[in-house]
Every structure is written in structure tokens, then in C-alpha cells.
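Letter by letter, the chains look like this.
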Amino acid sequence: MSDSTYLNRIGTLIRDARRHKGLTQSELADLLGTSQSAVARIEQGKQNLSLEMLARIGESLDSEFVSLGTGGPQHLRIVGGKQLSGSIPVKTSKNAAVGLLCAALLNKGRTTLRNLARIEEVNRIIEVLTSVGVKVRWLPDSSDLEIIPPTRLELDSIDLDAARRTRTIIMFLGPLLHDYDSFQLPYAGGCDLGTRTVEPHLGALRSFGLDVQATHGFYEAKVASDAPDGTHTIVLTERGDTVTENVLFAAARHPGTTIIRNASPNYMVQDVCFFLTKLGVIVEGIGTTTLTVTGVEHIDVDVDYSPSEDPIEAMSLIAAAVVTRSSITIERAPIEFLEIELATLALMGLKYDQSPEYVAANGETRLVDLTIHPGPLKAPIDKIAPMAFPGLNIDNLPFFALIAACADGTTMIHDWVYENRAIYLTELNKVGAQVQLLDPHRVMVTGPTPKWRAAEVMCPPALRPGVVILLAMLAAPGTSVLRNVYVINRGYEELAERLNALGATIETFRDI
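Residues numbered from 1 in each chain as written. Predicted model: local features only at pLDDT ≥ 70, side-chain atom pairs only at ≥ 80, totals over all residues. Heavy atoms only, no water.

Draft legend 1. Representation of the overall build of the protein. When helices and strands are counted, the protein shows 18 helices and 24 strands. Against the compact-globule benchmark of 24 Å for 512 residues, the protein has a radius of gyration of 23 Å, which places it among compact chains. If you line up the protein on its principal axes, its C-alpha atoms span 65 × 60 × 45 Å. Counting the 512 residues in the protein, one finds 57% classified as buried. Considering only contacts within the protein whose residues lie at least 6 apart along the sequence, 74% involve residues at least 24 apart. Approximately 19900 Å² of the protein is accessible, and the part contributed by carbon and sulfur atoms is 48%. Taking the average place of the 46 positive charges on the side chains of the protein and the average place of its 60 negative ones, the gap between the two points comes to 6 Å. (Helix = DSSP H or I, 4+ residues; strand = E, 2+ residues; numbered from the N terminus. Rg over C-alpha atoms; globule rule 2.2 N^0.38 Å. Buried < 20%, exposed > 50% of the residue type's maximum accessible area, 1.4 Å probe, protein only. Contact = heavy atoms within 4.5 Å. Areas by Shrake-Rupley, 256 points an atom, 1.4 Å probe, with all protein chains shown as cover. Lys, Arg positive; Asp, Glu negative; His and termini not counted. Charge placed at Lys NZ, Arg CZ, Asp CG, Glu CD.)

Set out below in C-alpha cells:
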């Protein structure tokens, strides 16, 4: 590859990533400490780039343009147009994993999390925990993670790069307020899904004496010495999963009883509640929108816990079967968190078999095996929109855009939660779908797709839309390329290899 071709290709990748991030050239220039004209030259392939500059650009855009020692960002090459077959077990929940890693900070003893998802999001949190003195190790020949905290965390040594690449860092507030009068955390990052306010977290945690000021890229936290004791009630202004978990962490070691109203009863919150009960915390109302927590001021126990399976991964596998017109069996699907999705799909004509229920390793979550059968689908009469649990899961909504592209008729997908995730669903047009953007929250999908076609696409910087494009490429005859799939690796463990075991042909490669 000539130098000019190399620079043009790099420039195109940077331009696409910047646009996905919603930044202007001037805004990116400010982040890099350079000029808008320099960014323009870079994107036009007219500027030589050092590895250091590529790394800085990648950090600013949360894209892995260069990774020293591994040869550059990871891409996927997909040979599509094949039917899948066989059985595949659902992995444990990514969102439960990150919540449990934060919850482990409440415990002065040894925490062992069994069969944890080995994904990039988990790796980022492990990097943060290790940097502040927590001993974290994968047990030999397993996906079991052992966590042993120090007597006192070294918060001044926190890995800023890792912390800024995950929104999970906001969930350190709840555990840390018990042991520190003041502390500092960097601003949170993660998927690029528009502005996600942290005010519901901060407002709820004020009840525990926490005051947070945002200054110079950090949350500056102070804990009042006269934080209220006894019983008190917190009404969440947002029924969010992470804000509920954060308040649970704060309540877990709070002397007295905390009543949390408008709490999320979603799957990852339930896993956190089950874990807290193993620490000795009393949590009543698990699975409802009112949680009553009786805290324990000091927790020092050796505990084992196994998170439940991931309903979002289960839904992505259902979508894979639909788009490739395949019959596959999805084992260990958490049915309690898929019932609305399956009811919606049944109205669209989906045929499936369901095994008798059995219990997950956490002793609580109900599982089934689902066998999906290919067949014609029709568009639903009503729009498809998410709701808080027990409604259709917000993270499962993008998969319905893909399924709607396989159904006869026109379907409106209304993603009211995120400001711009719906925009990424228009990337399906590049592989042959017919998706019309109505506004930043709504798309109209017309199906069935006449002909899926192979294409080269920059992976959207949001996890679920990225997987949606990958699954669409499985249906497209020929060879497609999905570039820079770091965001998929954040939330899925060995997805390409596992789909290959069902008959897909997906190759990982790097070209820089």
C-alpha cells in the first residue's frame, strides 16, 4: 500500500468516526490541541501521522485506530448468505457483570464472580480497579474472577484512560461514599448514544450526604459528616438501571433502612440485589419498583456469586436466526426478561419452541431453551417502542429494526430513550435494507428487504446498532467488512467465533 493510499484510508476512518461521534472538525481539533485546518488535512489524507497522534485521535473518538503490539484496530470480514444451524448457549450478562464489579467494592473480603463475561467493558473496569490497588485475577482455566480489595483504595492512582472509556465509572460513587470524605472520579464515557445525564444519580445520592461538582473533566465528590441516619425514602426521577444500582450501593452500608421508589426491576438490578443479600444486606421487593434495603455498616465476607444469562445477547441470537432464515436453538435464555419481546415477535408471525423452565446458577433467574423456526413475518400494526422492565427492553429495540427489515410491511421503530441511536440504524441501508429516518428518535423500516447486499461499513460507535449491522451482513451474499469493532467487543465475548460454530463465516483481521 502506498503512503498516499494509506493516509487516505486512515483519513476516511477518522472522518467517519468523528461524524459518528457527532463532533465537528473544530471540536476534534480542540480535543487534540491542534487546528481545524490540520484535522481537515488529516481527513483528506494530506497529513503525515505519528503513532502518538493516531493514538490520541483514537482516544478522543473512542476508536481503536492504532493499538501498539496488536497491529491496529480489529475488523470483521463476513461471508454472508448462509443459513445457520445448531445450538448456542447464552453467555452471562454484561450489564450484570459491570454492576457486580462495582458492588464488590462494598466488601472488604474476597469476592469471586463465577462465569463472568470476558469482554472489553469488564477489562476496562478491571484496569480501573487494579490501578487503585484492588487485587483482581482470573482463576486458572476459567472465567471466574477473584477480587480482593486493599485496606484503603489508592484513588489518586486511578487509570484515567480506562475510567474515561466506560460509563460504569459513575457507579463507583455509591460504594466510595462510605469510606471517603472526599474523592475525585473522571467523567464517564462508553457508547456514543447522545447526552446521558448523570443528574438522577447525583440527586438520589444527595440523600446519603454526597455532593458532586463537575470541574475540569472530573466529578469532585464530598460526603457530609452529618449524613442522615435511620429510615428514609428516595424517589428516583428516572427508573434507570445504573441509578438504581448506585442507590443500592449507597444503601447497602447505610445504617438504617432505605426505601427506593420508582426503582428499576431489570435483570442486572436483580443480580445486584441477589449479590447484596449474600453480603448480608436485607433487600425486600426484588423484581418490583419499590426496594426496601436494610444496610450493614461493615461488610467483610468471602462470597461467591454467579450472574444470570444476558437477555440482550439472547435477543441478538433470535435476530440472527430471523435474518438468516435459520433454525437454531438458543440455550439458557432468561425468559422473564424476554417475554414481551417474544410476544411481540409472535404477533409478527415468528414460530418458536420453548423448553420447560429451569433455574440459573444464581438460584433465582428462570431460563429456557428456545428453538427459532424460519418463516414469513408481517409488520406489526403498532409501532415498536421500549419501556422500562417489564416492557420491551431498551437495548433490544435495535434488533427489531433488523427483524422489521425481514417482515412484510412497514414498521415504525421509536427509540425515545437515546438522542441519536436511531440514526445509526440507517446504516442498514448500506447492506440493502430500506430504513427511513423520521427524526433522531424514529425510523420507518419497510420490508421484506428485496436483496441484502455485501458492503464495507464503519461500525457504529454504539454497541447494539453495531451488532445489528454485523447480523445483517450474515444475510448478505458475498463478502462484507465491518470496520473497527471495538464497541462490539465491549459487550460480546467471542461473538464471531460463536456464530462461526453455527455455520457463519466471520474472520477477524487488522490492516494497520
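Draft legend 2. Representation of the side chain of serine 355 within the structure. Mapped onto the secondary structure, serine 355 falls in the loop between strand S15 (351-354) and strand S16 (358-359). Only 2.8 Å separates the side chain of serine 355 from the backbone nitrogen of aspartate 369, close enough to count as a polar contact. With residues near it in sequence (within four places) discarded, serine 355 still touches Val368 and Asp369. (Polar contact = N/O pair within 3.5 Å; in protein donor to acceptor, adjacent residues only side chain to side chain.)

Draft legend 3. Examining the pairing of strand S5 (residues 145-148) more closely. For strand S3 (residues 111-113) and S5, the ladder comprises 3 bridges, and the chain directions are antiparallel. The residue bridging leucine 113 from the neighbouring strand is leucine 145, located in S5. The pairing of strand S4 (residues 135-138) with S5 spans 4 bridges and is classified as antiparallel. Within S5, the residue paired with valine 136 across the bridge is isoleucine 147. Between S4 and S5, which pair antiparallel one after the other, the connecting turn spans 6 residues, and aspartate 141 there sits at a positive phi close to 55°. (Pairing = 2+ DSSP bridges.)

Draft legend 4. Quick peek at the pattern of salt bridges. On inspection of all chains with the given rule, the structure shows 23 salt bridges. Linking arginine 124 and glutamate 120 is a salt bridge whose minimum nitrogen-to-oxygen distance equals 2.6 Å. Taken together, the residues arginine 124 and glutamate 120, both in helix H6 (residues 120-131) and 4 residues apart, mark about one turn of the helix. Between glutamate 313 and arginine 498 there is a salt bridge; the shortest N-O distance is 2.9 Å. A residue pair is termed long-range when its members are at least 10 positions apart, and glutamate 313 in helix H12 (residues 311-323) and arginine 498 in helix H18 (residues 495-500) qualify at 185 residues. Accessibility expressed as a relative area gives 12% for arginine 498, which makes it buried. Here the salt bridges do not stand alone but share partners, grouping Arg110, Arg137, Glu146 and Asp302 into one network. (Salt bridge = Lys/Arg side-chain N within 4 Å of Asp/Glu carboxyl O.)

Draft legend 5. Expanded view of the confidence of the model for the protein. Mean pLDDT over the protein works out to 90, with 93% of the residues at or above the 70 mark. Counting interchain partners and residues more than four positions distant, the pLDDT-below-50 stretch residues 189-196 has 35 contacts. (pLDDT = per-residue confidence, 0-100.)

Draft legend 6. Focus on the sheet that holds strand S8 (residues 218-223). Read from one edge of the open sheet, 3 strands run S6-S8-S7, paired in antiparallel fashion. The open sheet terminates on both sides in strands that have one partner only, identified here as strand S6 (182-186) and strand S7 (210-215). Adjacent strand axes in the sheet meet at a mean angle of 20° when their direction is disregarded. (Axes fitted to C-alpha atoms, helices over the stretch in contact; angles between N-to-C directions.)

Draft legend 7. Quick peek at the sheet that holds strand S10 (residues 257-261). Spatially, 4 strands are ordered S9-S10-S12-S11 in an open sheet, and the strand pairing comes out mixed. The open sheet has two edge strands with one neighbour each: strand S9 (232-235) and strand S11 (282-284). Direction aside, neighbouring strands of the sheet carry axes that sit 20° apart on average. The sheet contact formed by S11 and strand S12 (residues 290-294) spans 3 bridges and is antiparallel.

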